[in-house]
Amino acid sequence: MTAPVSSDVATNSFAKNDFVKEHATFNHVWAALMLEELYRLGVRDVVVAPGSRSSPLTMVASEHIGLRCHCHFDERGLGFMALGIARGSQRPVAIITTSGTAVANLYPAVVEANLLGVPLIVLSADRPIELLDNGSNQAIDQRDIFSHHTSVYHDLPPPDAEIKAAFLLSTLDQAVDQQRRTPGPIHLNCRYREPLYPSNSLVDASDYLTPLGRWLTTSAPWSDWQTSAAIPPLKSDWKAFSQQRGLLVIGRVEDSVEGRVDASHQAQQVLELSKQLGWPLLADVQSQVRFDSHNLIHFDLALHDERFSEELAKAEVLLQFGGRLISKRLTQFIAQQPWQDVWLVDPLPQRLDPDYCVKRRWICQPADLIAALPTLPEQSPWHQLDNLQRRTSHVVEERCNSFSEIGVCHQLAQLATGQLFIGNSLPARLMNMLGAHRKMPLRIFANRGASGIDGLIATAYGISCTHPQPTTILLGDTSALHDLNSLALLKQAAQPLVVVILNNDGGSIFHMLPVPKEGELLERYYRQPHGLSFEHAAQMFGLSYAAPDSLDAFVTDYTQALQVGVTLIEIHVPHQQVADDLNAMGAALREGRREPGV
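Residues numbered from 1 in each chain as written. Predicted model: local features only at pLDDT ≥ 70, side-chain atom pairs only at ≥ 80, totals over all residues. Heavy atoms only, no water.

Student: Residues and numbers for the overall build of the protein, please.
Tutor: Looking only at helices and strands, one finds 23 helices and 21 strands in the protein. The C-alpha atoms of the protein give a radius of gyration of 26 Å, which matches the 25 Å a tight globule of 598 residues would have. Overall size of the protein, expressed as C-alpha extent along the three principal axes, is 85 × 60 × 45 Å. The buried share of the protein, taken over its 598 residues, is 56%. Sequence-distant contacts in the protein: of pairs separated by 6 or more residues, those separated by 24 or more amount to 78%. Surface exposure of the protein reaches about 24,400 Å², of which carbon and sulfur atoms provide 50%. (Helix = DSSP H or I, 4+ residues; strand = E, 2+ residues; numbered from the N terminus. Rg over C-alpha atoms; globule rule 2.2 N^0.38 Å. Buried < 20%, exposed > 50% of the residue type's maximum accessible area, 1.4 Å probe, protein only. Contact = heavy atoms within 4.5 Å. Areas by Shrake-Rupley, 256 points an atom, 1.4 Å probe, with all protein chains shown as cover.)

Rendered as structure tokens:
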């Protein structure tokens, strides 16, 4: 990895490195134009996989003084690492791969980036068209390989002096502008004819580049695309909406201001709005304010309690910021409630409305809408949900005091510092149910676009590269096996990094789903136990290792791991335990009986 540079570097790399005159090949001329323009458009990080056909892009990226280059031998992990860097930095990240199946290995990360609106820029090297369908090595049809999962796709022609350099620059400018309007990945398929490597003679590109004129001596993009959108006046609409009994829900919220990450700013604005309105606040674990004292932190489990649900059902209107809620009980409640009105606010231009109940859809940041709302007098809470949730919170505290998946997750929610990346399947659900209010801020991430279990370690590592604080990864054993190669990345971590693996020997979430359980169906075809431990994996990749067998031991091991280096903490638990624990808590709350000591 190259040394980090400031995000506001504006020096022109052509002028600094004298690229204007001579290049290794004409392929390198185009590669240099592309990467310089992407730099001017905000790219600061490039992830690179090894390959021959991509050599022009790789060589230029490695020489660019403003770009940080990150390397990984596994393209699937590489794509997810780029996803993590882009999410953590809130900047576009370029991905360089060679041709063939290397490109196809990016598919899961591109899908996730599309659903989450993450600005990846895939620069895939490719053979020229005459080398397709004739038995040439490592040649597949890469045209539009990601289908509708990209915001923009261009199949670029092979570099040619007869094609104006301005064509290439303006193509990039338009693509990045469209990406800003419709956030998601871009795919630029870059066809290169040989030669791909430097030889004794260099290419003089002075005449070719001269028509670019002022671009050669400035740091601005070739063309400047401007976008503006104003929120219309809301005085009468907001007055009618806000005077009803309302419910305020926060889903996934991420935030940046000119590349500066401020993960809680948007959600804090929503939190203050809920206080002003007197409405109950239900904050998803992805909201950045889940552990704030104003949030009804155990609402997911409290929905088992009939008294809590009945009180919540008195709400007449719903105001939701951010989508992709983790709680299935909450989404079912929203779907069944006869709302008089529903507003949804999210900057992604996606429907984000699985139950088709949204009446007004605002495509903007939460803070932008809130700033446009007329100020109203502060209202008293219309509900008694705080008191009704206390019983659920007592049940959680009592049930989570032993060594188990729920016990570890409950403790981790209180101990974690810096950044927490939560894996899918059970970990996301558990962290959305458990925990306690805390004062220290905690940045929380999860890949809840496609909600897949692949690439989680690589994504978390990418996020860790963007913030000078410890990072914790919580994931299940099957997810860890999916991304085992990415453990190789972790030794490069500049800050403490802790991987907590909940090893329940397979997909124990299937104990909680209505899958067929006759004969061997559940075990062999759904849960698929593997009988593996991660101790030797930690040793292979040079990571410290711990396997605590009590809750106290976990607290000790985790606290020590936060101090230095990279540590893998493996939690061995029986496969049926978490289902039994959650079922018992749900049954206790539904029955309305008091737990001992409650």
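There is more to say, and it comes next.
Student: I'd like to hear about the domain arrangement of the protein, residue by residue, with values.
Tutor: Taken as a whole, the protein is organised into domain 1 (22-216), domain 2 (234-387) and domain 3 (401-588). Each partner contributes to the interface: domain 2 provides 21 residues, whereas domain 3 provides 21 residues. Note on domain 2 versus domain 3: buried area summed over both sides is about 1,900 Å², and carbon and sulfur give 58% of it. Where domain 2 touches domain 3, the interface holds zero salt bridges. Linking domain 2 with domain 3 are 11 residue pairs in polar contact (both at pLDDT 80 or more). Its residues assigned to classes, the side of domain 2 that touches domain 3 shows seven nonpolar, seven polar and seven charged. (Domains from an automatic or database assignment. Buried area = accessible area lost by both parts, 1.4 Å probe. Salt bridge = Lys/Arg side-chain N within 4 Å of Asp/Glu carboxyl O. Polar contact = N/O pair within 3.5 Å; in protein donor to acceptor, adjacent residues only side chain to side chain. Nonpolar A, V, L, I, M, F, W, Y, C, P; charged D, E, K, R; others polar.)

Student: Please give an account of the pattern of salt bridges that cites residues and values.
Tutor: Inspection of the entire model under this criterion finds 19 salt bridges. Between Asp 305 and Arg 391 there is a salt bridge, and its shortest N-O distance comes to 3.7 Å. In this pair, Asp 305 sits in the loop between α11 (299-302) and α12 (306-312) while Arg 391 sits in helix α15 (residues 385-399), placing the two residues 86 residues apart along the sequence. Taken individually, Asp 305 and Arg 391 each receive the classification buried, so the pair is uniform in this respect. By sharing partners, the salt bridges in this structure join Arg 87, Arg 252 and Glu 254 into a single network.

Student: Run through helix α17 (residues 426-433), naming residues and quoting values.
Tutor: Counting buried positions along α17 yields seven of eight residues, so the element is predominantly enclosed. When we look at burial in α17, the residues that qualify are Leu 426, Pro 427, Ala 428, Leu 430, Met 431, Asn 432 and Met 433. Directly beyond the C-terminal end of α17, a positive phi value near 95 degrees is found at Gly 435.

Student: Explain helix α6 (residues 107-116) to me, using residue names and the numbers behind them.
Tutor: Across the 10 residues that make up α6, a large majority, seven, are buried. Burial in α6 covers these residues: Ala 109, Val 110, Val 111, Glu 112, Ala 113, Asn 114 and Leu 116. Close packing links the buried residues of α6 with α4 (75-89), β5 (120-126) and β17 (443-446). Positive backbone phi, at 70 degrees, marks Gly 117, one or two positions downstream of α6.

Student: Talk me through the UniProt feature "domain: Thiamine pyrophosphate enzyme N-terminal TPP-binding" (unreviewed entry) in the protein; I want residue IDs and the actual numbers.
Tutor: Taken from the UniProt record, the annotation "domain: Thiamine pyrophosphate enzyme N-terminal TPP-binding" (unreviewed entry) applies to residues 31-143. This span, residues 31-143, is 42% helix and 18% strand, and a straight line between its end C-alpha atoms measures 19 Å. (UniProt positions renumbered as here; feature names shortened; annotations may be inferred.)

Student: Please give an account of the sheet that holds strand β14 (residues 341-345) that cites residues and values.
Tutor: Backbone-to-backbone hydrogen bonds pair the strands of a sheet. The strands run either parallel or antiparallel. Pairing is parallel across the open sheet formed by five strands, whose spatial order is β12-β9-β13-β14-β15. If you trace the sheet from one side to the other, it starts and ends with β12 (281-283) and β15 (360-362), each paired once. On average, adjacent strands in this sheet sit at an angle of 15 degrees to one another, irrespective of strand direction. Bridge count for strand β9 (residues 246-250) against strand β13 (residues 317-321) is five bridges, and the pairing is parallel. Looking at the pairing, Leu 248 lines up with Leu 319 of β13. Sitting on the sheet, helix α10 (residues 265-277) touches β9, β12 and β13, and the angle it makes with β9 is about 165 degrees. (Pairing = 2+ DSSP bridges. Axes fitted to C-alpha atoms, helices over the stretch in contact; angles between N-to-C directions.)

Student: Please set out the side chain of Thr 472 residue by residue, giving values where relevant.
Tutor: Summarising the element assignment, Thr 472 is placed in strand β18 (residues 471-476). A residue is classified by how much of its surface remains accessible, and Thr 472, at 0% relative accessible area, is buried. Ignoring sequence-local partners within four residues, the contact set of Thr 472 consists of Leu 412, Gln 419, Leu 420, Phe 421, Val 498, Val 500, Tyr 558 and Leu 562.

Student: Any chance you could break down the packing of α4 against α6 for me, citing the residues and the numbers?
Tutor: Between two packed helices, both the angle of their axes relative to each other and the distance between the axes serve to describe the pair. α6 packs onto α4 with a crossing angle of 25 degrees between their chain directions and a minimal axis gap of 8 Å. Between α4 and α6, the angle is such that the two are roughly parallel. Residues Arg 76, Gly 79, Phe 80, Leu 83 and Arg 87 of α4 pack against Pro 108, Ala 109, Glu 112, Ala 113 and Leu 116 of α6. A class-by-class count of the residues in the contact of α4 with α6 yields six nonpolar, one polar and three charged. (Parallel < 35°, antiparallel > 145°, perpendicular 65-115°, else oblique.)

Student: Help me get a handle on the packing of aromatic side chains, residues and values and all.
Tutor: Counted under the stated rule, the structure contains 11 aromatic pairs. Judged by centre distance (4.3 Å) and plane angle (15 degrees), the ring pair of Phe 241 and Trp 343 falls under stacked. Placement of the pair is Phe 241 in helix α9 (residues 235-242) and Trp 343 in strand β14, with a sequence separation of 102 residues. As far as burial versus exposure is concerned, Phe 241 and Trp 343 are alike and both buried. For the ring pair Phe 510 and Tyr 526, a centre distance of 5.6 Å and an interplane angle of 55 degrees mean the geometry is tilted. Separated by 16 residues along the polypeptide, Phe 510 in the loop between β19 (497-503) and α20 (521-527) and Tyr 526 in helix α20 bring together distant segments of the chain. Phe 510 gets classed as partly exposed once you look at its relative accessible area, which sits at 24%. A cation over a ring is seen here: Arg 40 above Trp 215, with NZ or CZ 3.9 Å from the ring centre. (Phe/Tyr/Trp six-rings, centres within 6.5 Å; stacked < 30°, edge-to-face > 60°. Lys NZ or Arg CZ within 6 Å of the ring centre and 35° of its normal.)

Student: I'd like a description of the environment of Glu 523, backed by residues and values.
Tutor: Residue placement: Glu 523 occurs in helix α20. As a C-alpha pair, Glu 523 and Pro 232 span 291 residues in sequence and 56 Å in three-dimensional space. Not counting residues up to four positions away in its chain, the partners in contact with Glu 523 are His 511, Gln 528, Pro 529 and His 575.

Student: How would you sum up the environment of Arg 307? Please name residues and give values.
Tutor: With respect to the element layout, Arg 307 can be found in helix α12. If sequence neighbours within four positions are ignored, Arg 307 has contacts with Leu 388 and Arg 391.

Student: Residue-level account of unusual backbone geometry, with values.
Tutor: Residue Pro 195 is reached from Glu 194 by a cis peptide bond, and omega for that bond is 10 degrees. You can see Pro 195 is positioned in the loop between β7 (186-191) and β8 (203-204). You will see that Ser 425, though not glycine, has its phi angle at about 70 degrees, which is positive. Residue placement: Ser 425 occurs in the loop between β16 (419-422) and α17. Residue classification places Ser 425 among the partly exposed positions, given a relative accessible area of 25%. Although it is not a glycine, Gln 528 sits at a positive phi angle of roughly 50 degrees.

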